[in-house]
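Notes for the structure review
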Amino acid sequence: MLFSHPKDFTPVCTTELGYMAGLKAEFEKRNCKIIGLSVDPVADHGKWATDIERTQGNKVYYPMIGDPGLKVAKLYGMLPAEAGDTCAGRTAGNNATVRTVFMIGPDKKIKLMLIYPMTTGRNFDEVLRVLDSMQLTAKHQVATPVNWKPGNDVIILPSVSDDDAKRKYPQGWKQPLPYMRVVPQPDSNDETRQAVMSR
(Lines give C-alpha, C1' and ligand atoms only; values in the text may rest on other atoms or scores of the structure.)
Protein backbone atom coordinates (compact mmCIF):
# COMPACT_ATOMS: atom_id res chain seq x y z
CA MET A 1 0.00 0.00 0.00
CA LEU A 2 1.33 3.39 -1.03
CA PHE A 3 -0.32 6.40 0.56
CA SER A 4 0.62 9.92 -0.39
CA HIS A 5 0.61 13.31 1.29
CA PRO A 6 0.61 16.82 -0.20
CA LYS A 7 3.08 18.28 2.32
CA ASP A 8 4.87 17.49 5.56
CA PHE A 9 3.73 19.14 8.80
CA THR A 10 0.05 19.23 7.81
CA PRO A 11 -2.50 18.50 10.56
CA VAL A 12 -4.80 15.93 8.92
CA CYS A 13 -1.89 13.95 7.47
CA THR A 14 -0.19 13.96 10.87
CA THR A 15 -3.17 12.09 12.33
CA GLU A 16 -3.23 9.68 9.37
CA LEU A 17 0.43 8.71 9.55
CA GLY A 18 0.12 8.14 13.29
CA TYR A 19 -2.97 5.97 12.94
CA MET A 20 -1.35 3.98 10.15
CA ALA A 21 1.68 3.34 12.37
CA GLY A 22 -0.70 1.94 14.99
CA LEU A 23 -2.02 -0.59 12.46
CA LYS A 24 1.38 -2.21 11.91
CA ALA A 25 0.32 -5.63 13.23
CA GLU A 26 -2.87 -5.63 11.12
CA PHE A 27 -1.00 -5.01 7.87
CA GLU A 28 1.72 -7.50 8.78
CA LYS A 29 -0.96 -10.14 9.48
CA ARG A 30 -2.18 -9.59 5.90
CA ASN A 31 1.37 -9.69 4.47
CA CYS A 32 0.96 -6.13 3.17
CA LYS A 33 3.86 -3.71 3.09
CA ILE A 34 3.24 -0.01 3.69
CA ILE A 35 5.10 2.92 2.18
CA GLY A 36 4.29 6.60 2.49
CA LEU A 37 5.10 9.47 0.19
CA SER A 38 5.22 13.22 0.63
CA VAL A 39 6.47 15.79 -1.84
CA ASP A 40 8.95 17.18 0.71
CA PRO A 41 12.54 15.97 1.23
CA VAL A 42 13.32 12.94 3.40
CA ALA A 43 15.09 15.17 5.96
CA ASP A 44 11.76 16.90 6.62
CA HIS A 45 10.04 13.52 6.98
CA GLY A 46 12.35 12.68 9.87
CA LYS A 47 11.43 15.87 11.74
CA TRP A 48 7.74 15.32 11.00
CA ALA A 49 7.93 11.73 12.31
CA THR A 50 8.94 13.16 15.70
CA ASP A 51 5.81 15.34 15.77
CA ILE A 52 3.66 12.39 14.70
CA GLU A 53 4.95 10.12 17.46
CA ARG A 54 4.63 12.85 20.10
CA THR A 55 1.04 13.76 19.23
CA GLN A 56 -0.38 10.46 17.93
CA GLY A 57 1.42 8.03 20.22
CA ASN A 58 2.76 5.76 17.47
CA LYS A 59 6.25 5.66 15.98
CA VAL A 60 6.34 5.81 12.18
CA TYR A 61 8.07 2.53 11.27
CA TYR A 62 7.36 2.36 7.53
CA PRO A 63 9.48 4.11 4.90
CA MET A 64 8.47 7.54 3.61
CA ILE A 65 9.49 8.45 0.08
CA GLY A 66 10.75 11.99 -0.40
CA ASP A 67 9.51 13.42 -3.69
CA PRO A 68 10.94 16.95 -3.83
CA GLY A 69 11.22 16.74 -7.63
CA LEU A 70 7.54 15.67 -7.87
CA LYS A 71 8.55 12.70 -10.04
CA VAL A 72 6.57 10.02 -8.19
CA ALA A 73 3.51 12.27 -7.83
CA LYS A 74 3.52 12.83 -11.61
CA LEU A 75 4.27 9.19 -12.44
CA TYR A 76 1.18 8.10 -10.47
CA GLY A 77 -0.97 10.82 -12.05
CA MET A 78 -1.44 12.83 -8.85
CA LEU A 79 0.05 16.02 -10.33
CA PRO A 80 0.00 17.21 -13.94
CA ALA A 81 3.19 17.30 -16.03
CA GLU A 82 3.17 21.11 -15.92
CA ALA A 83 3.34 21.18 -12.09
CA GLY A 84 7.05 21.97 -12.26
CA ASP A 85 9.98 19.95 -10.99
CA THR A 86 10.39 21.05 -7.39
CA CYS A 87 8.38 21.09 -4.18
CA ALA A 88 10.01 24.40 -3.23
CA GLY A 89 7.43 27.16 -2.95
CA ARG A 90 4.51 24.78 -3.31
CA THR A 91 1.84 24.59 -0.63
CA ALA A 92 -0.41 21.77 0.48
CA GLY A 93 -3.13 23.54 -1.53
CA ASN A 94 -1.04 23.34 -4.72
CA ASN A 95 -0.53 19.65 -4.03
CA ALA A 96 -4.08 18.85 -2.89
CA THR A 97 -4.36 15.97 -5.38
CA VAL A 98 -1.46 14.14 -3.72
CA ARG A 99 -3.89 12.48 -1.25
CA THR A 100 -4.28 9.02 -2.69
CA VAL A 101 -4.18 5.49 -1.32
CA PHE A 102 -2.87 2.96 -3.86
CA MET A 103 -3.14 -0.78 -3.32
CA ILE A 104 -0.60 -2.52 -5.53
CA GLY A 105 -0.86 -6.27 -6.07
CA PRO A 106 1.94 -8.85 -6.14
CA ASP A 107 1.80 -8.51 -9.94
CA LYS A 108 2.87 -4.84 -9.52
CA LYS A 109 -0.47 -3.57 -10.88
CA ILE A 110 -2.60 -0.97 -9.14
CA LYS A 111 -5.70 -2.70 -7.76
CA LEU A 112 -7.28 0.25 -5.93
CA MET A 113 -7.09 4.03 -5.77
CA LEU A 114 -8.85 6.03 -3.07
CA ILE A 115 -8.56 9.81 -3.37
CA TYR A 116 -9.49 11.99 -0.42
CA PRO A 117 -9.95 15.75 -0.08
CA MET A 118 -7.47 17.53 2.18
CA THR A 119 -10.10 18.30 4.80
CA THR A 120 -11.22 14.69 5.27
CA GLY A 121 -9.03 12.22 7.12
CA ARG A 122 -8.67 8.86 5.44
CA ASN A 123 -10.42 5.83 6.90
CA PHE A 124 -7.72 3.18 7.22
CA ASP A 125 -10.14 0.74 8.82
CA GLU A 126 -11.92 0.82 5.45
CA VAL A 127 -8.59 0.27 3.70
CA LEU A 128 -8.09 -2.88 5.80
CA ARG A 129 -11.62 -4.05 4.90
CA VAL A 130 -10.87 -3.56 1.20
CA LEU A 131 -7.57 -5.40 1.55
CA ASP A 132 -9.39 -8.31 3.22
CA SER A 133 -11.91 -8.35 0.38
CA MET A 134 -9.27 -8.21 -2.35
CA GLN A 135 -7.24 -11.03 -0.82
CA LEU A 136 -10.34 -13.19 -0.30
CA THR A 137 -11.76 -12.60 -3.78
CA ALA A 138 -8.43 -13.22 -5.51
CA LYS A 139 -8.15 -16.59 -3.77
CA HIS A 140 -11.73 -17.91 -4.04
CA GLN A 141 -13.43 -16.57 -7.21
CA VAL A 142 -16.02 -14.66 -5.21
CA ALA A 143 -17.09 -11.04 -4.87
CA THR A 144 -18.04 -9.20 -1.70
CA PRO A 145 -21.38 -7.34 -1.56
CA VAL A 146 -22.08 -3.86 -0.28
CA ASN A 147 -20.78 -3.15 3.24
CA TRP A 148 -19.24 -6.62 3.46
CA LYS A 149 -17.19 -7.40 6.54
CA PRO A 150 -14.95 -10.44 7.13
CA GLY A 151 -17.14 -13.45 7.93
CA ASN A 152 -20.18 -12.19 6.01
CA ASP A 153 -21.70 -13.95 3.01
CA VAL A 154 -20.06 -13.56 -0.39
CA ILE A 155 -21.24 -13.86 -4.00
CA ILE A 156 -20.00 -16.51 -6.43
CA LEU A 157 -18.59 -14.76 -9.49
CA PRO A 158 -20.84 -14.91 -12.59
CA SER A 159 -17.87 -16.31 -14.53
CA VAL A 160 -17.99 -19.49 -12.39
CA SER A 161 -20.35 -22.03 -13.98
CA ASP A 162 -23.01 -23.77 -11.88
CA ASP A 163 -21.14 -27.05 -12.36
CA ASP A 164 -17.89 -25.57 -11.06
CA ALA A 165 -19.78 -23.86 -8.22
CA LYS A 166 -21.34 -27.22 -7.21
CA ARG A 167 -17.87 -28.75 -6.97
CA LYS A 168 -16.59 -25.83 -4.92
CA TYR A 169 -19.73 -25.44 -2.76
CA PRO A 170 -21.32 -28.91 -2.48
CA GLN A 171 -23.54 -27.63 0.34
CA GLY A 172 -25.26 -25.36 -2.23
CA TRP A 173 -26.02 -21.65 -2.22
CA LYS A 174 -28.87 -19.22 -1.86
CA GLN A 175 -30.03 -17.69 -5.15
CA PRO A 176 -32.27 -14.65 -4.57
CA LEU A 177 -31.95 -13.69 -8.26
CA PRO A 178 -31.07 -15.77 -11.32
CA TYR A 179 -27.70 -13.99 -11.54
CA MET A 180 -26.87 -13.91 -7.80
CA ARG A 181 -25.47 -16.95 -5.95
CA VAL A 182 -24.74 -16.30 -2.28
CA VAL A 183 -22.56 -18.52 -0.08
CA PRO A 184 -20.89 -18.24 3.31
CA GLN A 185 -17.42 -16.77 3.15
CA PRO A 186 -14.86 -19.44 2.25
CA ASP A 187 -12.46 -20.29 5.08
CA SER A 188 -15.09 -19.48 7.71
CA ASN A 189 -15.56 -22.20 10.31
CA ASP A 190 -18.19 -24.93 9.96
CA GLU A 191 -20.48 -23.47 12.66
CA THR A 192 -20.63 -20.12 10.88
CA ARG A 193 -21.21 -21.87 7.55
CA GLN A 194 -24.10 -23.92 8.92
CA ALA A 195 -25.69 -20.94 10.68
CA VAL A 196 -25.63 -18.88 7.48
CA MET A 197 -27.01 -21.67 5.31
CA SER A 198 -29.93 -22.25 7.69
CA ARG A 199 -31.13 -18.63 7.44
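Use the structure listed above.
This text gives an overview of the structure that appears in the document. Computed from a predicted model, the values in this text were never measured in an experiment.

A separate point is the sheet that holds strand β2 (residues 35-38). The strand order across the open sheet built from five strands is β3-β2-β1-β4-β5, with neighbouring strands paired in mixed fashion. Unpaired on one side and paired on the other, β3 (64-66) and β5 (110-115) mark the two borders of the sheet. If you compare each strand with its neighbour and ignore which way they point, the axes differ by 20° on average. Sheet analysis places strand β1 (residues 2-5) next to β2, joined by four bridges and oriented parallel. Pairing of Leu2 across the sheet is with Ile35, part of β2.

Right, let's get into the state of the cysteines. All chains considered together, the criterion is met by zero disulfides. Looking at the unpaired Cys32, the closest cysteine sulfur is the one in Cys13, lying at 19 Å. With no disulfide partner, Cys87 has as its closest neighbouring cysteine sulfur the one in Cys13, 15 Å distant.

Right, let's get into the layout of surface pockets. Roughly 510 Å³ of internal volume is contained in the largest pocket. Lining the largest pocket are 17 residues, with Cys32, Ile104, Gly105, Pro106 and Leu131 sitting closest to its centre. Secondary structure elements with two or more residues in the lining of the largest pocket: β4 (100-104) and α5 (124-140). Counting residues per element, the lining of the largest pocket draws most heavily on α5, which supplies four residues. Among the residues forming the lining of the largest pocket, the class breakdown is ten nonpolar, three polar and four charged. Of the voids in this model, the second largest pocket is the one considered here, and its volume is about 170 Å³.

Taking strand neighbours across the sheet as the criterion, the four strands line up as β6-β7-β9-β8 in an open arrangement whose pairing is antiparallel. Looking at strand neighbours, the two that pair on one side only are β6 (142-143) and β8 (174-177), the edges of this open sheet. Relative to strand β7 (residues 154-156), β6 runs antiparallel, the two sharing two bridges. The residue bridging Ala143 from the neighbouring strand is Ile155, located in β7.

Over its twelve residues, helix α1 (residues 11-22) extends 17 Å from the first C-alpha to the last, a length consistent with the 16 Å expected when each residue adds 1.5 Å. The complete set of buried residues in α1 reads Cys13, Thr14, Glu16, Leu17, Gly18, Met20 and Ala21. Contacts from the buried residues of α1 go to β1, α2 (24-29), α3 (42-56), β3 and α5.

What counts, and where the lines are drawn
- Residues numbered from 1 in each chain as written.
- Predicted model: local features only at pLDDT ≥ 70, side-chain atom pairs only at ≥ 80, totals over all residues.
- Heavy atoms only, no water.
- Pairing = 2+ DSSP bridges.
- Helix = DSSP H or I, 4+ residues; strand = E, 2+ residues; numbered from the N terminus.
- Axes fitted to C-alpha atoms, helices over the stretch in contact; angles between N-to-C directions.
- Disulfide = S-S within 2.5 Å.
- 1 Å grid on protein atoms, 1.4 Å probe; cavity = no way out; pocket = protein on both sides within 12 Å on 5 of 7 lines; lining within 4 Å.
- Points joined across faces, edges and corners; volume = space filled by probe spheres on them.
- Nonpolar A, V, L, I, M, F, W, Y, C, P; charged D, E, K, R; others polar.
- Expected span 1.5 Å × (residues − 1).
- Buried < 20%, exposed > 50% of the residue type's maximum accessible area, 1.4 Å probe, protein only.
- Contact = heavy atoms within 4.5 Å.

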